[in-house]
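Residue-level structure breakdown
Now for the letters of each chain:
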Amino acid sequence: MRKKIAALLIMSLSLMSLAGCGAEDSAVPAPESTAQTKTADGSGNAEKTIKFGVIAPLTGTHAEYGQGFDAATQIAVEDINAAGGVNGYKLELECQDSAADAKTSSDIFTRYAEDDEIMAVIGDFTSSCCKANAPLTEEYGLVQISPTASDPSYASMSEYCFSVMYNQSTAAPWTAESVVGHFLGKSECAVMYLNTDWGITTNDYFLSGLDSAGIKLLGDESYTENETDFSSVISKLKATGADTLVILDQGNVPTIINQVKGSGWDCQIVSLGPGASDQILDLCGDNAEGLVIPCPSYITADNPDTSDFYKKFYDKNQCAPTDHSLCAYNAVQALTEAIKSIDGEVTRESIKDALKDVSYDGLAGHTQFNDDGGVSRDLLIIQVENGGYVVKEKYGYR
Amino acid sequence: MDGYLISQIVNGLCLGLIYALIALGVAVIIGIVGFATFTQGEIVMIGAYSSYYVFLWSGNNLIYGMIASFMITWIIGMILYKVCYAKFFDSPEYISLICTIGFSMLLKNLAQIIFGAEKKPMLNIIENKIYHLGIIELSRVQLMVFITVIVMVIILSLLFTRTSWGLKLKAVSQNREAAALVGINVDKTAMIGNCIGCAIAGAAGTLIGIYYQSAYATMGATLSMKAFTSATLGGLTSVPLAALGGILIGVTENIGIAFSSASFRDIFSFGFLIIMLIFKPTGFGRKRGARA
């Protein structure tokens, strides 16, 4: 019996190693991946499809945003397919969870890159993950269009890297000058930021904005992504006597707000990064009152431009979409616009070339990529009042 | 000593008490079952989710929440014992250790599938009242955690030293064969010991959920490692010394952060552990594995 088991084990291991060799062979990217034609229903009617891979943090600290990516990209694909597809192609999606971990994200990107059916990748959520994948985009010749990466150094890392989110080199200084300085009228503040590529870069730009606006920095503290207890950082910043706290983060913002209010520190909180998140209202309750958030869009059910998206998103995800989800929808729109403009065969390379020239008005406003693969977006100022978000300043504020 | 440093020490004490709460369960399990466990963080998470749903149903009734988390994690403890320990008493220790790591991953992923990946709010379970003792500020939840740790340490110490049931648990932890020879049902006793450790972690989960005002699938990941570190400092099996280890790690972390950055938190805690073990390999205990 033992011999039989041993023989079975050896056979299994041999098969696994053979399969591994096979995988290695297929790891060499095809010289040119093209859009697929396949028989979907077995009736012999060929259906031309273009498949996009989505990388999103479906679990972990940023799960709210990752699940928003998943839902929003699905809605975009359903909308486009319902309207007849693009250039005769139907769109398909595959979504995988990176948990906002750079290594996992790169593994998923490589898997997508080695799959000839995948014509472009939408994701990831964090700039750190997107930057980790940037060399792979070049190596495999596969576009990565991030809905949310706002680290200014990301999109310029490769000609295959794009982002439809604003850039922190403009947003962070604007937040310092226009939100903290002008809108709130503060002359000093303290800052907490996430110790990641995104957080460090955003903090640097924010501090330069404080400097040029003449706002005094009383404290500047970082923390790691898996932090759960912020009491020591809060005590440190509270001891500076600051009456304004700026949080540069996304997923940890509700926890920080609760711990700030729980510590008895009655300060004005501003947060750059989370957008108009329902999770903040749910998790913080009254603690979120007065919170100020600069964000590029505020999506509501009664806004005629976005109400359809809002309803579909709510049906899928049981929460209101943030700007991050809108950007995920917009990433699919950008790829669709690029494919529309391609004459001839749709390939990974032709999508990359076409993306550079897209210019359209979509749900997230006008989208046109600059030379670095990024976009410019204006910001709103919203504030929590009576348990909901209120737009305090519209686009074009200073 | 200025007010700022005192407030950081108080923060460290409160965080240390959270570590201590989980470390108590770790020490009980290692002491009685005889195997290390890396599932305590996930048991904490299950405890927090159990009370979250009971709070929704009962209108934030703390007693119901505590009972639910205690009972559900007791049942999880029974399953954990059967899966990770029962079959491996005669196998190398690392087998059950790896098994507990696998079990923790399974619980975490199942929780994400069943409860969703988003955080669940646990707001206003206890009124956020702040007490001022001179320059020291303490919230009501922090006081509750403090009292719970003290009460747990006393109850567990009395249980292990003053009751016949505790003596059975102690006998099993010291020599399984000898305990069996005097008529103790070793398997059942070890399983009860494991369930006690898990149920303590479950109750801790309720308090941690209330303290951080949320429950989510990954909430136990870091806490589990810190709890194990605390138990290691306490000599692995001693309940009061594991609590002391937790408190010292919390205070060390926060004093370190007071003079540097929160980004270095783990450097202080694990650095403290390494230095401590270099000079005193048994931790605070006289002998590693001995029950204090």
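Residues numbered from 1 in each chain as written. Chains lettered and ligands numbered in written order. Predicted model: local features only at pLDDT ≥ 70, side-chain atom pairs only at ≥ 80, totals over all residues. Heavy atoms only, no water.

1. A look at the overall build of chain B
Scanning chain B from terminus to terminus reveals 11 helices and 4 strands. Computed over C-alpha atoms, the radius of gyration of chain B comes to 19 Å, within 12% of the 19 Å expected from 2.2 N^0.38 for 292 residues, which places it in the range of a compact globule. Expressed along its principal axes, the backbone C-alpha trace of chain B runs to roughly 60 × 50 × 35 Å. Looking at the 292 residues of chain B, the share that counts as buried comes to 55%. Long-range pairs, those at least 24 residues apart, make up 75% of the contacts in chain B with a sequence separation of at least 6. Between the centroid of the 19 positive side chains of chain B and the centroid of its 11 negative side chains there is a distance of 8 Å. (Helix = DSSP H or I, 4+ residues; strand = E, 2+ residues; numbered from the N terminus. Rg over C-alpha atoms; globule rule 2.2 N^0.38 Å. Buried < 20%, exposed > 50% of the residue type's maximum accessible area, 1.4 Å probe, protein only. Contact = heavy atoms within 4.5 Å. Lys, Arg positive; Asp, Glu negative; His and termini not counted. Charge placed at Lys NZ, Arg CZ, Asp CG, Glu CD.)

2. Quick word on the domain arrangement of chain A
Residue and element names in this part refer to chain A. Entries for chain A in the domain assignment read domain 1 (44–166 + 304–368) and domain 2 (168–295). A C-alpha centroid distance of 29 Å is found between domain 1 and domain 2. With 16 residues of domain 1 in contact, the opposing surface of domain 2 contributes 21 residues. Contact between domain 1 and domain 2 buries roughly 1,500 Å² in total, counting both sides, with carbon and sulfur atoms accounting for 51%. It is Thr61, Pro152 and Tyr166 in domain 1 that bury the most area against domain 2; as a group they hold 30% of the surface buried on that side. For the pair domain 1 and domain 2, the number of links is 1 salt bridge. (Domains from an automatic or database assignment. Buried area = accessible area lost by both parts, 1.4 Å probe. Salt bridge = Lys/Arg side-chain N within 4 Å of Asp/Glu carboxyl O.)

3. Some words on the interface of chain A and chain B
Tallying the contact residues gives 35 residues for chain A and 30 residues for chain B. Taken together, the two surfaces of chain A and chain B that pack against each other cover about 2,500 Å², and 45% of this comes from carbon and sulfur. For the pair chain A and chain B, the number of links is 1 salt bridge. Across the contact surface, chain A and chain B share 14 residue pairs in polar contact (both at pLDDT 80 or more). Of all elements in the fold, only helix H2 (63–82), strand S8 (216–223), helix H7 (231–238), helix H8 (253–262) and helix H9 (278–284) of chain A reach the threshold of two or more residues within the side of chain A that touches chain B. (Polar contact = N/O pair within 3.5 Å; in protein donor to acceptor, adjacent residues only side chain to side chain.)

4. A closer look at unusual backbone geometry
Here the amide bond leading from Gly123(A) into Asp124(A) is cis, since omega sits at -10 degrees, within 30 degrees of zero. Of note, Asp124(A) is situated in the loop between strand S4 (118–123) and helix H4 (127–140). Unlike most non-glycine residues, Ala100(A) shows phi in positive territory, near 60 degrees. The backbone of Asn60(B) shows a phi angle near 60 degrees, a positive value even though the residue is not glycine. Relative to the helices and strands, Asn60(B) resides in the loop between helix H2 (40–58) and helix H3 (62–85).

5. What about the state of the cysteines?
By definition, a disulfide is the covalent link that joins the sulfur atoms of two cysteine residues. Residue and element names in this part refer to chain B. Under the definition given, this model contains 0 disulfides over all chains. You can see cysteine 84 has no disulfide; the closest cysteine sulfur is in cysteine 99, sitting 3.6 Å from it. With no disulfide partner, cysteine 195 has as its closest neighbouring cysteine sulfur the one in cysteine 198, 6.5 Å distant. The exposure class of cysteine 195 is buried, given its relative accessible area of 1%. (Disulfide = S-S within 2.5 Å.)

6. Focus: the packing of aromatic side chains
Across all of its chains, the model carries 20 aromatic pairs over all chains by this definition. Both rings, one in Phe35(B) and one in Tyr85(B), keep their centres 5.7 Å apart while their planes meet at 20 degrees; by these two values the pair is stacked. Taken as a pair, Phe35(B) in the loop between helix H1 (3–33) and H2 and Tyr85(B) in helix H3 lie far apart in primary sequence, 50 residues in all. Judged by its relative accessible area of 4%, Phe35(B) is buried. Pairwise contacts between aromatic rings join Phe35(B), Tyr81(B), Tyr85(B) and Phe89(B) into one cluster. Cation over ring: Lys352(A) sits above Tyr160(A), and NZ or CZ is 5.0 Å from the ring centre. A cation over an aromatic ring shows up here: Arg176(B) above the ring of Phe89(B), its NZ or CZ 3.5 Å from the ring centre. (Phe/Tyr/Trp six-rings, centres within 6.5 Å; stacked < 30°, edge-to-face > 60°. Lys NZ or Arg CZ within 6 Å of the ring centre and 35° of its normal.)

7. With respect to the pairing of strand S15 (residues 388–393) of chain A
Looking down a regular strand, the side chains alternate between one sheet face and the other. Residue and element names in this part refer to chain A. The pairing of strand S14 (residues 380–385) with S15 spans 5 bridges and is antiparallel. Its bridge partner being in S15, isoleucine 381 is matched across the sheet by glutamate 393. Between the end of S14 and the start of S15, which pair antiparallel, lie 2 residues, with asparagine 386 showing a positive phi angle near 50 degrees. (Pairing = 2+ DSSP bridges.)

8. Thoughts on the packing of helix H6 (residues 164–174) of chain B against helix H8 (residues 186–212) of chain B
Residues and elements named next belong to chain B. The geometry of H6 relative to H8 is characterised by a closest axis approach of 9 Å and an angle of 105 degrees between their N-to-C directions. Of the possible angle classes, the one that applies to H6 and H8 is roughly perpendicular. Across from Trp165, Lys168, Leu169 and Val172 in H6, the residues of H8 making contact are Val186, Thr189, Ala190, Ile192, Gly193 and Ile196. For the contact of H6 with H8, a count of residues per class yields 7 nonpolar, 2 polar and 1 charged. (Axes fitted to C-alpha atoms, helices over the stretch in contact; angles between N-to-C directions. Parallel < 35°, antiparallel > 145°, perpendicular 65-115°, else oblique. Nonpolar A, V, L, I, M, F, W, Y, C, P; charged D, E, K, R; others polar.)

9. Focus: the nonpolar core
Residues Val28(B), Tyr85(B), Val149(B), Leu156(B), Ile196(B) and Ile208(B) are the most contacted members of the largest nonpolar core, which totals 86 residues. Examining the composition of this core, we find that 19 residues originate from one element, H1(B), more than from any other. Formed by 75 residues, the second largest nonpolar core is a distinct cluster that contains Ala171(A), Ala172(A), Ala331(A) and Leu355(A). (Core = buried A, V, L, I, M, F, W, Y, C linked by side-chain atoms within 4.5 Å.)

10. Structural notes on empty space enclosed by the protein
Evaluation of the coordinates by the stated rule reveals 5 cavities of 30 Å³ or more. By volume, the largest cavity is sized at about 140 Å³. Around the largest cavity sit 20 residues that line it, and Gly60(A), Thr61(A), Gly251(A), Gln279(A) and Lys119(B) are the ones nearest its centre. Broken down by secondary-structure element, the contributors of at least two residues to the lining of the largest cavity are H2 and H9 of chain A. Across the lining of the largest cavity, the residue classes break down as 8 nonpolar, 9 polar and 3 charged. In this structure, the lining of the largest cavity is formed jointly by two domains, domain 1 (44–166 + 304–368) and domain 2 (168–295) of chain A, each of which donates at least three residues. (1 Å grid on protein atoms, 1.4 Å probe; cavity = no way out; pocket = protein on both sides within 12 Å on 5 of 7 lines; lining within 4 Å. Points joined across faces, edges and corners; volume = space filled by probe spheres on them.)

11. Considerations on helix H11 (residues 323–340) of chain A
Look at H11(A): 25 Å from first C-alpha to last across 18 residues, which is about the 26 Å you get at 1.5 Å a residue. Burial within H11(A) is extensive, with 16 of its 18 residues counted as buried. (Expected span 1.5 Å × (residues − 1).)

12. Some thoughts on the environment of Lys261(A)
Examined against the element boundaries, Lys261(A) turns out to sit in helix H8. Each C-alpha atom, one on Lys261(A) and one on Asp286(A), is 9.6 Å from the other, the two residues being 25 residues apart in sequence. Those residues in contact with Lys261(A) that sit more than four places away from it in its chain are Asp266(A), Cys267(A), Ile269(A), Asn287(A) and Asn128(B). From its side chain, Lys261(A) meets the backbone oxygen of Cys267(A) in a polar contact 3.2 Å long.

13. Focus: the pattern of salt bridges
One pass over the full model with this rule turns up 23 salt bridges over all chains. The salt bridge involving Lys51(A) is made with Glu117(A); its shortest N-O contact spans 4.0 Å. Residue Lys51(A) is found in strand S2 (residues 46–56), and its partner Glu117(A) is found in the loop between helix H3 (102–113) and S4; the two are separated by 66 residues along the sequence. Note that Arg265(B) and Glu227(A) form a salt bridge whose closest N and O atoms lie 2.9 Å from each other. Placement of the pair is Arg265(B) in helix H11 (residues 265–279) and Glu227(A) in the loop between S8 and H7, with the two residues belonging to separate chains. The exposure classification of Arg265(B) matches that of Glu227(A), with both residues buried. A single network of salt bridges, built from pairs that share partners, joins Glu159(A), Glu349(A), Lys352(A), Asp353(A) and Lys356(A).

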